Structure formats: C-alpha cells, structure tokens
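An overview of the molecular structure
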Amino acid sequence: MTQPVTHTLDVPGAIITYDVREPVEKSSETPLLLIGSPMDASGFVTLAGHFTDRLVITYDPRGTGRSTRTDPAPESTPEQHADDVRRVIEAVGGPVDLFASSGGAVNSLALVAAHPDLVRLLVAHEPPLVGLLPEKDDAVAAVRGIRALYERAGVGPAMVKFIQIVSLKGPVPPGFADEPGPDPAAFGLPGEDDGSRDDALLGQNLVTCCLYQPDLAALRAASTRIVVAVGAESADEIAHRGGRAVAERLGLEPVVFPSNHAGFLGGEYGQHGDPGPFADTLRRTLAA
C-alpha cells in the first residue's frame, strides 16, 4: 500500500485534513472515498489497504482527529459535513465512489441529495436514522435524553447509555434515557464529570446526525447509484434498522455485509471486524 499524502483545506468554520493514497500501479478505476462520523481517517487504514488498485481518499470530519473547528457553534449538521466532503471531492477531482459508514452514511445521504454529480456510487453502511424507525418517538426521545445526560453529567454516564442504545436489539423502549445506566468504570469510562463539553460524538454530532431526515425525493431522483448496506451480525440493532428503514423508503433491498457495524476494522481502536470478506463484498458491490 502506498503511503498517504496529507492535505488540508480551509472551509467555512473548519480546517479539514484529508489523505490521498495513490494506486500501486496506474489505474482507470473510479477514486474511492471512505468516510465515517465521528470516526476519522484512522479508522479506515485496514479497509484502504484492500484497495491498492485505485486512488483512495480518507478524511477527518470537522471537530475530529486533525480537522479543527474554527466556529463556536455547539453542533455540526449533516449538511455541513456534506459540504466539507463536497469540497474534498472537488479538490481531489471527482466523481468518486463513496463508502460511508454510520454517521458518515447519514452525511453521505445529505451529500448525494445536494450534489449527485460528485458521487458515481454510494454505499451507505448502517446510517443510524432513528427518525425513520417505527418507534421513532421513543427513539428520538432516547437520543435527546442521552444528549441531556451528557450536558448534565458529562461523558461517562452519557457514553454508557450510548453504548447501551447502539447495542440494543429491537425497538427502543419508552423512557430508555431515564433508566439508570451501568457504572461507567465498568466500560473504562470516567465516573467523575471533568466539566468539558466538547465531545465530538455526544456534543457535536449525536442529535443532528441521528435525527436527520434525508431528502428522500432528491435521493430517488439522484443520478448516483445508491446501495444501502447492513451488517450480518448487527441485525435488529439501531443502525442496522436505520439502514433498512431508509432502504425501504428508497425502494431498495439492502446488501448484507459481513460482520457488524464496525466490520471493516482490523484492529483500529482495538476492534476487529472481518475486514477481508468485508472488503471483498465492497469490491463486488462497487463493480456490480
């Protein structure tokens, strides 16, 4: 795998850092952009290594990793993230194929709705769109409740509730956020509130991402080929169900990818999915 070359880009409210990996040999393949949110480029090292036959771009979303925010706004929106990604694609030269996971999948739907000409094919992997779930009122209340807990008690208590909700099988029950969570120490999280409120997940992106309402009409009309992907091992979890919900509204049958919500990880953040078969499935999907 070639070594990534790092670039920065000034955008409204942030300085975005992105990496470009050239193919091992000259290639006519469409460039591949890999994005997450709040996961930054460091989460895609293993997956990028499976695509040495084409140019691969990764980036750090605003407020994460090496991408610093220059605005004082407490939250970032999917539309802002989408505009950042647009600028990265235009800087590198599009159109691209886009694999987007989790919050990145939400942001990618905003991107394709606004700029379908920049994306040839989108693989949106498990977007956690709780507003599309059958129990949306309870799910939305749970997300807002976790954010309120973060504001009230800090990272530890709120993060354990977040871990609970993303691993929950089946519908989000009423009053979920009001139920006491496990001891944060059991998850290696701080029990004491240090007073900071700058967490990229809990503060900056949680509510705006999960409660985003995609422009379904624009997505249906887009020239981009859209594929919704869900994990084989994450069935009934909230992001898997969010993926199926948006696929149903777009008249699509989801493609089942190996492993779980983090199936492409090969040791990043201490997590192991099934990256080889995951990359094989992605390659077949891109070529279909």
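Here's a quick rundown of the structure. For every chain, the first residue of its written sequence is number 1, and the numbers climb from 1 along that sequence. With pLDDT at 70 or above as the cut-off, local features in this predicted model cover only qualifying residues; side-chain atom pairs require 80 or more to be listed or tallied, and sums for whole chains, interfaces and linings still use all residues. Where side-chain values are given, they derive from all heavy atoms of the structure, hydrogens and water being excluded.

1. Quick word on the overall build of the protein chain
Inclusion rule: Note on conventions: DSSP H or I runs of at least 4 residues are helices, E runs of at least 2 residues are strands, and numbering of each starts at the N terminus. Note that the radius of gyration is over C-alpha atoms, with the globule rule given as 2.2 Å times the number of residues to the power 0.38. Burial here depends on accessible area, computed with a 1.4 Å probe over protein chains only, as a share of the maximum for the residue type. Under 20% is buried, over 50% is exposed, and the range in between is partly exposed.
Check the secondary structure of the protein chain and you find nine helices and nine strands. Taken over the C-alpha trace, the protein chain has a radius of gyration of 18 Å; the compact-globule value for 288 residues is 19 Å, and the two agree within 12%. Seen along its three principal axes, the alpha-carbon backbone of the protein chain occupies a region of about 55 × 40 × 35 Å. Counting the 288 residues in the protein chain, one finds 52% classified as buried.

2. A look at the pairing of strand S6 (residues 96–101)
Buried residues dominate S6, accounting for six of its six residues. Here S6 shows two buried faces, one formed by Val96, Leu98 and Ala100 and the other by Asp97, Phe99 and Ser101.

3. Quick word on the pattern of salt bridges
It is possible for side chains bearing opposite charge to pair when their charged atoms get close. Spelled out, the test is: We define a salt bridge as a side-chain nitrogen of Lys or Arg found within 4 Å of a carboxyl oxygen belonging to Asp or Glu.
Taken as a whole and judged by the stated rule, the model has 17 salt bridges. Linking Arg87 and Asp83 is a salt bridge whose minimum nitrogen-to-oxygen distance equals 2.8 Å. Of this pair, Arg87 and Asp83 both sit in helix H2 (residues 78–92), four residues apart, which is roughly one turn of that helix. Salt bridges sharing partners connect three or more residues here, namely Glu29, Arg54, Asp97 and Arg120.

4. Overview of the packing of helix H4 (residues 136–153) against helix H6 (residues 200–210)
Helix-helix packing: each pair is described by the crossing angle between the helix axes and the interaxial distance. Condition: Every axis corresponds to a line fitted to the C-alpha atoms, with the helix fit spanning only the stretch in contact, and the corresponding angles, defined between N-to-C directions, vary from 0 to 180 degrees. Every angle not falling under 35 degrees, over 145, or within 65 to 115 is termed oblique; those three ranges are roughly parallel, roughly antiparallel and roughly perpendicular. Note on convention: the crossing is left-handed when the near helix lies turned anticlockwise from the far helix by less than a right angle, right-handed when the turn is clockwise. Contacts were defined at the residue level, with two residues in contact if any of their heavy atoms lie within 4.5 Å. Gly counts as polar in this scheme, as do all residues outside two lists: the nonpolar Ala, Val, Leu, Ile, Met, Phe, Trp, Tyr, Cys and Pro, and the charged Asp, Glu, Lys and Arg.
Running from N to C, H4 and H6 point in directions that differ by 165°, and their axes come no closer than 10 Å. With respect to H6, the element H4 is oriented roughly antiparallel. Like other packed secondary-structure pairs, H4 and H6 cross with a definite hand, here left-handed. Residues Val143, Arg144, Ile146, Arg147 and Tyr150 of H4 form the contact with H6, whose own contacting residues are Leu202, Gly203, Leu206, Val207 and Cys210. A breakdown of the residues in the contact of H4 with H6 according to their chemical character gives seven nonpolar, one polar and two charged.

5. Let's talk about the nonpolar core
Inclusion rule: The set of buried Ala, Val, Leu, Ile, Met, Phe, Trp, Tyr and Cys residues whose side-chain atoms join them within 4.5 Å is what this entry labels a nonpolar core.
Ranked by internal contacts, the top residues of the largest apolar core, which has 40 residues, are Leu33, Leu98, Leu122 and Val246. Excluding residues within four positions of it along the chain, Leu122 makes contact with Leu98, Ala100, Ser108, Leu109, Val112, Thr224, Arg225, Ile226 and Val227. Core analysis: the second largest hydrophobic core is formed by 23 residues, Val143, Phe162, Val207 and Cys210 among them.

6. Considerations on the state of the cysteines
Quick note on the threshold: By convention in this document, the label disulfide applies to cysteine sulfur atom pairs within 2.5 Å.
Scanning the model with the defined rule gives zero disulfides in all. No disulfide involves Cys209; its nearest neighbouring cysteine sulfur is the one of Cys210, lying 4.8 Å away. Judged by relative accessible area, Cys210 falls into the buried class, the value being 9%.

7. Brief notes about the pairing of strand S2 (residues 14–21)
Defined as follows: For two strands to be treated as a pair, DSSP must find at least two bridges joining them.
A large share of S2 lies buried, amounting to seven of its eight residues. Here seven bridges tie strand S1 (residues 5–11) to S2, and the two strands are oriented antiparallel to one another. What sits directly across from Val5, in S2, is Val20. Counting the residues between successive antiparallel strands, the hairpin from S1 to S2 contains two residues, one of them, Gly13, with a positive phi of roughly 85°. When S2 meets strand S5 (residues 68–69), the two strands line up antiparallel, connected through two bridges. Bridge pairing in S5 links Ala14 to Arg69. For S2 and strand S4 (residues 56–60), the ladder comprises five bridges, and the chain directions are antiparallel. Looking at the pairing, Arg21 lines up with Val56 of S4.

8. Points about the side chain of Ser101
Tracing the backbone through its elements, the reader meets Ser101 in strand S6. Those residues within four positions of Ser101 in sequence are excluded, and the remaining contacts are Ile35, Gly36, Ser37, His125, His261 and Phe264.

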